[in-house]
Each structure stands twice: as C-alpha cells, then as structure tokens.
Amino acid sequence: MTPQGILKESKLTEKWVTREISNFDYLMMLNTVAGRTYNDLNQYPIFPWILKDYTSEVLDMNDPNIFRDFSKPIGIQNPKHIEDVRLIYESFDDPTGLMKKFHYARNYSNAASVMHYLIRMEPFTTYHIQLQSGKFDIADRQFHSFQSAWLNIMDSPNQVKELIPEFFYLSEFLVNSNKFDLGKLQITLESDYVSAHLHEWIDLIFGYKQTGQAAIEAFNVFTYCLYQDAVDVDAIDDKVTREAIESMMQHFGQVPSQLLTEPHPQRQILGQAAFGIESQGRAFDIFQSLIHIRPYLAKTVLENDILYDPITFISIPKNQARSFMQQVVLEKLFTVSISGVVGNGAWQPHDKSLTNYFTSEQNRTLQTERNQHIIAALFFPSLEINSRLFAVSHDAQFVFSGGHWDCSLRVYSLIKAKMISSLIHHSDIITCLTLDSTGSILVTGSRDTTCVVWNISSGDNRNSNNINDQESSSFISPAVTLYGHTADITCLHVSTELDLVASGSLDGTCNMHTVEHGVYVRTLRPIGDPIINIQLSTERHIITYSNRKR
C-alpha cells in the first residue's frame, strides 16, 4: 500500500478529529506513515514550532497572538520575508531545464538541524563534531535558547528549521549533563489553539500544500531533488551531477511522503468530540463521566468473622477458568489482609436483572480460623503492609507476595492452599511488586534500590496441580535486574506492550527501563518528593503520586 492508502485504512485522521488521540500521538503516527524515522537523521520526525512569544513572563493560552501562524511555512512567519521568498521563486531559471523553481534551497528537517538541537546528547554530540571537522561550531551558532532560535527565523527567510519530537517529551536534551565545552556567550502542543489550527500545518508538511499549485501559492516549494522520487539517481550517467544531487539530498534533507491530496479536516472542539463519542455508542472518558459512576456496597465476609484484620489487597483475576456447564457465571474475588490471611470469594458481575447490578458471595474461608488460608511467612515488622506487596496470577492459581523478613518472593498456591515457593534474588526486603497485562511478567522492587524482572511460564508448566515441591520454583525465574535508584523502590508498573517498566522511589525519581533487556531509558523527577504510586497508560502517559514533604 502507498502511504496515502495506509493513512486512509488506519482511520487515524478520524480518531484525531474526534479527539480520541492527542496532537502529539497523531503527529508521531503521521511521521511514521510518511516514512520518517529515528533511525535516519535525514528522515527524522518533524514537529512544528508552536509559540512565537518567548519574552513574556506569563503566557495566556487563550491569546492567539502568542502562537505561530500554522497556515504558513516556517520561512515566512515574518511577513517581511514573503516578498523575498517570492522573488527567489520568480527569478530562478535553470537553462538546462533540470532544476525547477523553488522558494527554499534546503528542507525544514535535515541531519544538521537534528544535530543542532540535540548537540548536548550523545551520540549527536559526536555527529556534530564530525560534521564540524573535529570541533564544536561557534557558540553563537549553536542552539542555546528558544528565543534566539525564533529570532533567527524572524531575521532570515533561509532559517527554515522546524522542531523535532524531543521538544515535547525529552527535556534532558536541553541540559548539558555531560559538561561539554560548548563555548560561552514548556511547549503547549495540546492547547485549544493548536488543536484548532494544527491541520493547517499538516497540509503544508504532509498534505495537499506540499506540491503543485497549492504549494506555490503557500510559498512552500523546495529544491526539486528534496521530494520523494523526484530524481532517479541511478539513471544519471554523469558522475559529477549524480554526486552533486546525492550530496544535496544528504545535507539538505527530504520532504516526507505526501499523505493527503485534499485539505485536512479540522479537529473538533471538546464539546463536539464528547457528543460524537456518545452518539456512536462508545464509552465516555471516565474523567468526563464521573456522574455516571455508581458505587455499591458488597460484603465479602460474614457478620461474625474476624473484624480486626483489615483487607489491604483485592483482586479479580482476568483469565479465570470456567465450565461450559455453568449457568451462572461467578467471578472469583481474592483478598489479602494485613496479617496475610487470603480470602477466596466470588461475585456475579453485570447482572442487570438485579437492583444492584451484581451479587456477591460472602467469603466463608474467613468464617473460622480453621478454614483460613494464611501466607505462612513473616512480614518485616516495621514495613507497612499494603496492596503493592501482592499480586494474583491471571488464571487465579497463585498469589505472589513480598515484604517478608528474609527478602524472599513467596508464591502461594490458591488451589493447594499452601506456600509452594520462596525465591531470594534481592539483598533486602521486597517493597512492591506488579504483574503485566499478560500475566507472564512479574516485576519486584526492593529496599536494595533495584528492581527484578521475572518470567512466568504459561500453560501446563504452571498449573498448580502439576507443580510439586521440588519443581515449585521452575515456573518463575529472574530474567534481568534494573538499577538506577538511590533509595527504596516504592511502586512499579510494567507494560510489555510498550516494553517499559516504570519504577518510583523514595528518592523522588521515576526510572524507565525496557522489559525485555532491562535497558535504561530515562529518569523523571516530577516534584522531588517520595513517589508512592505510579501508572502507565497504553497511550504512553505516566501518572505519579507523591507524598509531599512538609
């Protein structure tokens, strides 16, 4: 399929118009479909400049005067440059007929511009030095402030650099953490104004104003050899000409594949998008629909049960085994109390014939001490027993627990009602653990400041009935250890879909590692206070909850 066909089949544009995906995500997807990639500096993803006001101490997001004009190329953001750019186009004439008229000799994205922005981070520092014949460029020409970079655009029509994605998620590239001697001398992508005008910029970069008469009228024509498939280099017999064109393509960048030949639709405002989702029968955003959430009380223990052992963990496993003979579907519901008592209850969800929409079966395993299932391992005395110390396997067969005095990870069989495994891989107490969405990856965090990724086998190898005491630890094994924190790990979240483990710590940082190989990605420092909970979304958003120091 062509890039245009891929975009049409993906329905991404409709999702963006109805606000199902963010501006950032949509631009990243457009870049990918158009052939842009992090693996080629000449085909690097392209993002727009957003603001033009870099002097005001306070920005009013409702003031359109603080934003660039998204309907115009970056080269004519200063209206004074329009006449200069027009003259370049109209006066150019190649007697050979090979080169067509153009407004700009170089592209808005090329290898040099990527190195220009990322000069403070390796390997781009090394690339920059190589480009500059073994030394840093003059300090005044380096990227050292937003204001000076925008002033350069205002001063010259030849300054046509757009931005790169790192401006919107990787603040570390703005800091000279490696202490390079470079010489001396937050951006509002998701705002309402940008959402209302971003389609105009997409028309210029990926859409119908990229080529043809529309591009000429928009002052958006580049040197002919920068366009996709404009030149068949292999068909050029003259060596000098071929090398000259290859050099231009290498140093001046390339225009992305054209994705749209018609004007891009405008994004809906929030009210329109919410109405559209409702009318199409799709679920509301939970935060926009809090009034529709109804709480119900469900007792999980009998009246005469032990009342002084509060429940700290509750779980409804995702992939519970069910018999086709069952006429009434009961979901298992497991609880763990602060003393380690495991409760085994059940509930019937979504029974709309009932007033309360579901029924619950009270937990009779807690009725007497004789019937109680207990995680028979001592917890560390001074450790607060909380929900982050437990996880239930998705097939409702095992409970994984941490916080034990011997630094072990314990595996409790819900079928055999006994502890079947004790695994020690940390050098201090396990303070938190979590399962991924597939149930095949477990991650533990510890006071020893490390995290461990564990692999959990699937199928018959992990069936609780098939595991004897000698084989009890074979279905779970440590895969990789993650380093980087300087204090206790307090919370974890793992996503195998994103290949990310997010870990929070008492040191106030959130570290990101890959799941498969344990490669360090980056560190976030949200507030500087101890992080006590963390979540990753499928849209790559990270939520952290901190315990503010007084």
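As the structure is a prediction and not an experimental result, all values here were calculated from the model.

**Q** Explain the nonpolar core residue by residue, including any values.
**A** In terms of nonpolar packing, the biggest core is built from 73 residues, with Ile50, Phe167, Phe168, Trp201 and Ile202 touching the most fellow members. Secondary-structure elements contributing two or more residues to this core are helix H2 (12-17), helix H3 (23-33), helix H4 (81-91), helix H5 (111-117), helix H7 (146-155), helix H8 (192-205) and helix H10 (239-252). Other than its neighbours up to four places away in sequence, isoleucine 50 contacts Ile66, Phe67, Arg68, Phe70, Phe168, Ile187, Thr188, Leu189 and Val194.

**Q** Describe the packing of H3 against H8, and please don't skip the residues or the numbers.
**A** Put simply, H3 and H8 touch, their axes get as near as 11 Å, and they point 10 degrees apart. In terms of axis orientation, H3 runs roughly parallel to H8. The hand of the H3/H8 crossing is right-handed. Along its contact with H3, which presents Asn23, Tyr26, Leu27 and Leu30, the element H8 presents Val194, Ser195, Leu198, Trp201 and Ile202. Here the contact of H3 with H8 is composed, by residue class, of seven nonpolar, two polar and no charged.

**Q** A description of the pairing of strand E2 (residues 331-337) should follow, citing residues and the corresponding values.
**A** Here E2 lies mainly inside the structure; six of its seven residues are buried. Where strand E1 (residues 311-315) meets E2, four bridges bridge the pair, whose relative direction is antiparallel. Looking at the pairing, phenylalanine 313 lines up with valine 336 of E2.

**Q** So, the pairing of strand E14 (residues 489-495): which residues are in play, and what are the values?
**A** Most of E14 sits out of view: seven of its seven residues are buried. Pairing of E14 with strand E15 (residues 500-505) involves six bridges; the strand directions are antiparallel. Paired with cysteine 491 across the bridge in E15 is glycine 504. Turn length for the E14-E15 hairpin, with the two strands adjacent in sequence and antiparallel, is four residues, and the turn residue aspartate 499 shows positive phi of about 55 degrees.

Quick notes on the rules
All residue numbers refer to positions counted from 1 along the written sequence of the respective chain. Side-chain atom pairs in this predicted model are given and counted only at pLDDT of 80 or more, local residue features only at pLDDT of at least 70, and totals for whole chains, interfaces and linings cover all residues. To obtain the side-chain values, all non-hydrogen atoms of the structure were used and water was disregarded. Among buried residues, those of type Ala, Val, Leu, Ile, Met, Phe, Trp, Tyr and Cys that are joined through side-chain atoms within 4.5 Å constitute a nonpolar core. Accessibility here uses a 1.4 Å probe with only protein chains present; expressed as a share of the type maximum, an area under 20% marks a residue as buried, one over 50% as exposed, and anything in between as partly exposed. Comment: elements are numbered from the N terminus, with helices defined as DSSP H or I runs of at least four residues and strands as E runs of at least two. We call two residues contacting when some pair of their heavy atoms lies within 4.5 Å. Note on geometry: axes are C-alpha line fits, over the in-contact stretch for helices, and angles between N-to-C directions span 0 to 180 degrees. Here roughly perpendicular refers to angles of 65 to 115 degrees, roughly parallel to angles under 35, roughly antiparallel to angles over 145, and oblique to all remaining angles. Two helices that cross are described as forming a left-handed crossing if the nearer one is turned anticlockwise from the farther one by less than a right angle, and a right-handed crossing if clockwise. Residues were grouped as follows: Ala, Val, Leu, Ile, Met, Phe, Trp, Tyr, Cys and Pro as nonpolar; Asp, Glu, Lys and Arg as charged; and all remaining residues, including Gly, as polar. Strands were regarded as paired on the criterion that DSSP finds at least two bridges between them.

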